[in-house]
Amino acid sequence: MGASFAVGYLMFLLKGAVWTVGLSLIALSCGGVLAFIVALCRIAPNRWLRLVTALYIQIIQGTPVLVIIFLTYFGLPSLGWSVSPLLAASLSLSVYVSAYLGESWRSSLQSVPRAQWEAAECLALSRAQRMMKVVLPQAIRIATPPTVGFMVQIIKNTSLASIVGFIELVRAGQIVNNTIFQPFLIYLLIAVLYFAMCYPLSILSRRLEVSAGEKAYA
Amino acid sequence: MRSGSDTPSQDIVVSLKGVHKSFGSNQVLRGVDLDVSRGEVVAIIGKSGSGKSTALRCIDYLESIDQGTIRVCDHQVHKPDVDLRALRLDIGIVFQSYNLFPHLTIEQNVMLAPTAVKKLARPAARQLAHRVLGQVGLLEKANQFPERLSGGQQQRAAIARSLAMEPKIMLFDEVTSALDPQLTGEVLRVIEDLANKGMTMIMVTHEMNFARKIADTIVFMHEGKVWEKGGAHILNSPGTPELREFLQHEL
């Protein structure tokens, strides 16, 4: 292939990579909001709320992300809602993120010692104040390293959106390959690009974990 | 300490009657009766498992009771509709494990409840924090995080945090049990200072000499009951074999 060709294709792949990042950010932010609600429901005083949320987490964690994507992209239109590939991918990944991060954040919230809740309670703080001013700030420190680590999973799982035709990095690669048929080169390039996105996050996660360990409270 | 105009019944600020509490099949409290007057310093002693910490926790509704009544000032603690916020405004409690908030400085620890609960403006809350930190001798540590402080300093900070809410009654739950003797002294001095200022206090303690020195009333708990009660003299001449045996092991 000629050099000018190569630059054009490379740009196309990079544009796909930008959408991979974009979709990851959408999934992380929408899924993160949902995950926070899920985590709160999992530790709510109401027993039924806890049970229903636990069931939700089990169902989502026991379902392949691909099936969730098929359900939203093919399933919802059959019920009368038309869904674009971007919307389907965003929805599905957010649901996926909400279950995994929700459970991870629940354990972070619960790893703040009960005595901290109690001390705040004895100072007459309301339940909301105990959560916002005492428990949450401590839980965020605990949750940050695993959350950054989980972003790697989100980035990799956005590749599943290619199957419903959303043009992220993998789909962009498929399109380019259909034109120039150089699968080994193209998919190698794609693997390198994914690695370039994920590796810094892995390193960051590990660093955060180490510094959190160093600052661990006695 | 007691004003003449108060009738004796008004003077009772904490009253437990026939308090029972079980954890599963384990009966921890089996009918505790205890009256504490305004300004009185009560030291609860007894073996571990005798129910002394549980009794203290029930007073602040950290545990709900199965049977009996608990009255603290005007609060009927045993009733389901007890106003917990109002109850906790009247009671300060300090725990063995300090339980300072690790993400906040000492000053922020002390300021949190006055600003969040009493809606005190920050400058006023800071002034208050400096006053109570001065009272426990920790003014120079105001901007440190708890992890930088010794156990004794952390415990004094925890006492300051409680005092900032200006409670009517202070509860101390084995506050020096986690400290070595040297650090114990500095915490006990703060508590003694409070006693001298007329604070009503109930403390669960293993420090017999301290109890002897500052307590108006010694309460010996055994098998979930107030087994023996009286002035410091009961430590020298116990009225029951159980207290005698307990004191022999302690000393």
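Not measured: the values here are computed from a predicted model.

Cut-offs and rules
- Residues numbered from 1 in each chain as written.
- Chains lettered and ligands numbered in written order.
- Predicted model: local features only at pLDDT ≥ 70, side-chain atom pairs only at ≥ 80, totals over all residues.
- Helix = DSSP H or I, 4+ residues; strand = E, 2+ residues; numbered from the N terminus.
- Buried ≥ 20, exposed ≤ 12 C-beta atoms within 10 Å, placed from the backbone.
- Pairing = 2+ DSSP bridges.
- Core = buried A, V, L, I, M, F, W, Y, C linked by C-beta atoms within 7 Å.
- Contact = placed C-beta atoms within 7 Å.
- Axes fitted to C-alpha atoms, helices over the stretch in contact; angles between N-to-C directions.
- pLDDT = per-residue confidence, 0-100.
- Nonpolar A, V, L, I, M, F, W, Y, C, P; charged D, E, K, R; others polar.
- Parallel < 35°, antiparallel > 145°, perpendicular 65-115°, else oblique.
- Left-handed = near helix turned anticlockwise from the far one by under 90°.

**Some details on the overall build of chain B**
Next, step 1: If you tally the helices and strands in chain B, you get nine helices and ten strands.
Next, step 2: Overall, chain B is about 55 × 45 × 45 Å in size when its C-alpha atoms are taken along their principal axes.
Next, step 3: The buried share of chain B, taken over its 251 residues, is 49%.

**Thoughts on the pairing of strand β9 (residues 217-222) of chain B**
Residues and elements named next belong to chain B.
Next, step 1: Within β9, six of the six residues are buried, which leaves the element mostly enclosed by the surrounding structure.
Next, step 2: In β9, alternate side chains face the same way, and those of Thr-217, Val-219 and Met-221 on one face and Ile-218, Phe-220 and His-222 on the other are all buried.
Next, step 3: Bridge analysis of β9 against strand β10 (residues 225-230) gives five bridges, and the strand direction is antiparallel. Looking at the pairing, Met-221 lines up with Val-226 of β10.
Next, step 4: Count of turn residues in the β9/β10 antiparallel hairpin: two residues, of which Glu-223 carries a positive phi of about 50°.

**Comments concerning the sheet that holds strand β4 (residues 67-72) of chain B**
All names here are of chain B.
Next, step 1: Judged by pairing direction, the sheet is antiparallel, and its four strands sit side by side in the order β2-β1-β4-β5 without closing on themselves. Of all strands in the sheet, those bounded by a partner on one side alone are β2 (26-37) and β5 (75-76).
Next, step 2: Two elements, β4 and β5, share two bridges in a ladder whose sense is antiparallel. Each residue of the ladder has a partner; that of Val-72, found in β5, is His-75.

**Comments concerning the nonpolar core**
One recurring pattern in soluble globular proteins: nonpolar side chains tend to sit buried together.
Next, step 1: Judged by nonpolar contacts, the single largest core of 123 residues is most densely connected at B:Ile44, B:Ala160 and B:Met201.
Next, step 2: Sort the elements by how many residues they give to this core and helix α4 (residues 85-111) of chain A lands first, with eleven residues.
Next, step 3: Every residue in contact with B:Ala160, bar those within four places of it in the chain, is listed here: B:Val110, B:Val132, B:Leu133, B:Gln135, B:Val136 and B:Leu138.
Next, step 4: Counting residues in hydrophobic clusters, the runner-up holds eight residues, among them A:Tyr9, A:Ala17, A:Leu169 and A:Val176.

**Section: the sheet that holds strand β8 (residues 200-204) of chain B**
Whether parallel or antiparallel, the strands of a sheet pair through hydrogen bonds between backbone atoms.
All names here are of chain B.
Next, step 1: Spatially, six strands are ordered β6-β7-β8-β3-β9-β10 in an open sheet, and the strand pairing comes out mixed. Each of the sheet's edge strands pairs with one partner strand only, and the pair in question is β6 (91-94) and β10. Within this sheet the neighbouring strands show an average axis-to-axis angle of 20°, counted without direction.
Next, step 2: Where strand β3 (residues 41-45) meets β8, four bridges bridge the pair, whose relative direction is parallel. Bridging from a neighbouring strand, Val-42 pairs with Ile-202 of β8.

**Comments concerning the confidence of the model for chain B**
Residue and element names in this part refer to chain B.
Next, step 1: Summarising the model, chain B shows a mean pLDDT of 93, and 96% of its residues fall at 70 or more.
Next, step 2: Contacts from residues 1-7, a stretch scored under 50 in pLDDT, to residues over four places away or in other chains number seven contacts.
Next, step 3: Two summary scores accompany this predicted model of the complex, namely pTM at 0.85 and ipTM at 0.89.

**Quick look at the interface of chain B and chain A**
Next, step 1: Tallying the contact residues gives 18 residues for chain B and 15 residues for chain A.
Next, step 2: For the side of chain B that touches chain A, the secondary structure elements donating two or more residues are α3 (84-90) and α4 (106-116) of chain B.
Next, step 3: Partitioning the side of chain B that touches chain A into residue classes produces eleven nonpolar, three polar and four charged.

**Considerations on the packing of helix α2 (residues 47-61) of chain A against α4(A)**
All names here are of chain A.
Next, step 1: At a minimum axis distance of 9 Å, the contact between α2 and α4 shows a crossing angle of 120°. When the interaxial angle is binned, α2 and α4 end up oblique. Like other packed secondary-structure pairs, α2 and α4 cross with a definite hand, here left-handed. Residues Tyr-56, Ile-57, Ile-60 and Gln-61 of α2 lie in contact with α4, whose contacting residues are Val-95, Tyr-96, Ala-99, Tyr-100, Gly-102 and Glu-103.
Next, step 2: Looking at the contact of α2 with α4 residue by residue, the class counts come to seven nonpolar, two polar and one charged.

**So, the environment of A:Val52**
Next, step 1: Looking at where A:Val52 falls in the secondary structure, it is placed in helix α2.
Next, step 2: Sequence separation between A:Val52 and A:Arg42 is ten residues, and the spatial gap between their C-alpha atoms is 8.7 Å.

**Things to note about the environment of A:Ile155**
All names here are of chain A.
Next, step 1: Positionally, Ile-155 belongs in helix α6 (residues 127-157).
Next, step 2: Along the chain, Ile-155 and Arg-171 lie 16 residues apart, while their C-alpha atoms are 14 Å from each other.
Next, step 3: Not counting residues up to four positions away in its chain, the partners in contact with Ile-155 are Thr-20, Ser-24, Met-197 and Cys-198.

**Section: unusual backbone geometry**
Residue and element names in this part refer to chain B.
Next, step 1: One non-glycine residue, Lys-119, adopts positive backbone phi at about 55°.
Next, step 2: On the secondary structure map, Lys-119 appears in the loop between α4 and α5 (122-135).
Next, step 3: Taking the C-beta count within 10 Å as the criterion, Lys-119 has 8 such neighbours and is therefore assigned exposed.
Next, step 4: Notably, Glu-174 is not glycine yet its phi reads approximately 50°, a positive angle.
Next, step 5: Secondary-structure assignment places Glu-174 in the loop between β7 (169-173) and α7 (181-196).

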